[in-house]
Amino acid sequence: MHINEAKKEADYIFNLACPASPCHYQAQPVETTKTAILGAINTLEIAKNNKGVRILQASTSEIYGDPREHPQKEDYWGYVNPTGIRACYDEGKRCAETLFFDYYREYGVDIRVARIYNTYGPRMRADDGRVVSNFICAALKNEPITVYGDGLQTRSFCYVDDMVEGLLSLMNADIQAQPINLGNPDERTILELAQMIVELTNSSSVIEHHGLPSDDPVKRQPDITRAKKLLDWKPTISLEEGLMKTIQYFDGIMLDTSQKK
Ligand code: UDP
C-alpha cells in the first residue's frame with residue numbers, strides 16, 4: 001500500500017522512530033537522516049490525508065546543538081555544526097521540525113512537537129551506548145567507568161515515566177502549534193553521574209577518562225516553564241530514585257544472563 005492510501009485507523013500518531021544514541025546513529029548516518037526526514041514526511045502525509053488525526057513529533061534537545069544559551073528556552077535557535085558527526089541526527093531532527101510546522105501552516109495538520117532531553121530508565125538496551133546504561137552496566141560488573149573528556153560537561157536526566165507522562169500530556173493538550181521542551185532541569189556533570197552510580201551500586205569500579213567525541217555539547221539543561229504552564233507537567237522522579245530503579249533492572253537482566261550460562 002502506498003503511504004498516501006493509508007487510511008485512518010487511529011486518532012493519534014506518535015512519531016518516535018529514530019535511533020537516538022550517538023554511537024548507533026553515527027554508525028548509520030545516512031540512514032539516520034533518511035529516517036528523520038522521510039519518516040516525518042510519511043507520517044505527516046498520513047495525518048494530512050486523514051482529517052482529525054493529531055501527530056506528535058519526538059524532537060530533541062539536539063535541536064540546540066552545543067548551546068550558547070543556558071538553560072535552553074524554546075525560542076533559542078541553537079548552535080549546530082551542519083557537517084559534523086552529530087549533524088545526521090541534529091539536522092535531521094531540525095528539518096523534521098521544519099516539516100511539521102510547514103504541514104501545519106500549509107495543510108492545517110494538527111501537530112505537537114516535543115523537544116526531548118536525555119531520558120533513561122529500565123528496558124534500555126545494555127548496548128545502548130548512552131551514558132546512563134554504560135555507567136550502570138560497567139559499575140555492576142566492577143569494570144572501569146568510561147568518562148569521555150574531563151567529565152565536566154553537563155546533562156539533565158529525565159526518568160522514562162516522567163517523559164511518558166509529558167508526551168501524553170502534550171498529545172492531549174489543546175494548545176497552539178509550538179515546540180515544547182520536555183526534560184528534567186536537574187543538571188549534573190558526567191563526573192557527578194559516574195560517582196553517584198558507583199555509590200548507588202556499591203561498585204569497586206574506577207573512573208577512566210577517554211577522548212571526548214567531537215561536537216559533544218558542553219552543557220544542556222531544559223527551561224521547562226512552557227511545559228509547566230501549558231501542560232501542568234513537571235518531572236517528579238529524582239535522579240537518585242530513577243537511577244535505583246534502572247540499576248535494579250540491569251541487575252536483574254545480568255543475573256538472568258549469568259544463570260542461563
Ligand atoms: N559519555 C561518557 N561515557 C560514556 C557515554 C557517554 O562520558 O560511556 C558522555 C558523552 O560524552 C556526553 C554525555 O556522557 O558528554 C552524554 O552522552 P550520551 O551518549 O548519553 O548522550 P548525548 O547527550 O551526548 O546525546
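Residues numbered from 1 in each chain as written. Predicted model: local features only at pLDDT ≥ 70, side-chain atom pairs only at ≥ 80, totals over all residues. Heavy atoms only, no water.

Visitor: I'd like a description of the overall build of the protein chain, backed by residues and values.
Guide: Of regular secondary structure, the protein chain possesses 8 helices and 10 strands. At 19 Å, the protein chain has a C-alpha radius of gyration in line with the 18 Å of a compact globule built from 261 residues. On the principal axes, the C-alpha backbone points of the protein chain span a range of 55 × 45 × 40 Å. Residue burial in the protein chain is summarised as follows: out of 261 residues, 47% are buried. Counting only contacts in the protein chain whose residues sit at least 6 apart along the sequence, the fraction spanning at least 24 positions is 84%. Across the protein chain, 29 positive and 37 negative side-chain charges occur, with their mean positions spaced 4 Å apart. (Helix = DSSP H or I, 4+ residues; strand = E, 2+ residues; numbered from the N terminus. Rg over C-alpha atoms; globule rule 2.2 N^0.38 Å. Buried < 20%, exposed > 50% of the residue type's maximum accessible area, 1.4 Å probe, protein only. Contact = heavy atoms within 4.5 Å. Lys, Arg positive; Asp, Glu negative; His and termini not counted. Charge placed at Lys NZ, Arg CZ, Asp CG, Glu CD.)

Visitor: Explain the pattern of salt bridges residue by residue, including any values.
Guide: Tallied over the full model, the rule gives 16 salt bridges. Between aspartate 110 and arginine 54 there is a salt bridge; the shortest N-O distance is 2.8 Å. In this pair, aspartate 110 is assigned in strand E3 (residues 110-116) and arginine 54 in strand E2 (residues 54-60), connecting sequence segments 56 residues apart. Since its relative accessible area comes to 29%, aspartate 110 is described here as partly exposed. A relative accessible area of 13% places arginine 54 in the buried class. Among the ionic pairs, aspartate 186 bridges to arginine 188, the shortest N-O distance being 2.9 Å. Salt bridges sharing common partners tie together Arg54, Asp110, Arg112 and Asp174. (Salt bridge = Lys/Arg side-chain N within 4 Å of Asp/Glu carboxyl O.)

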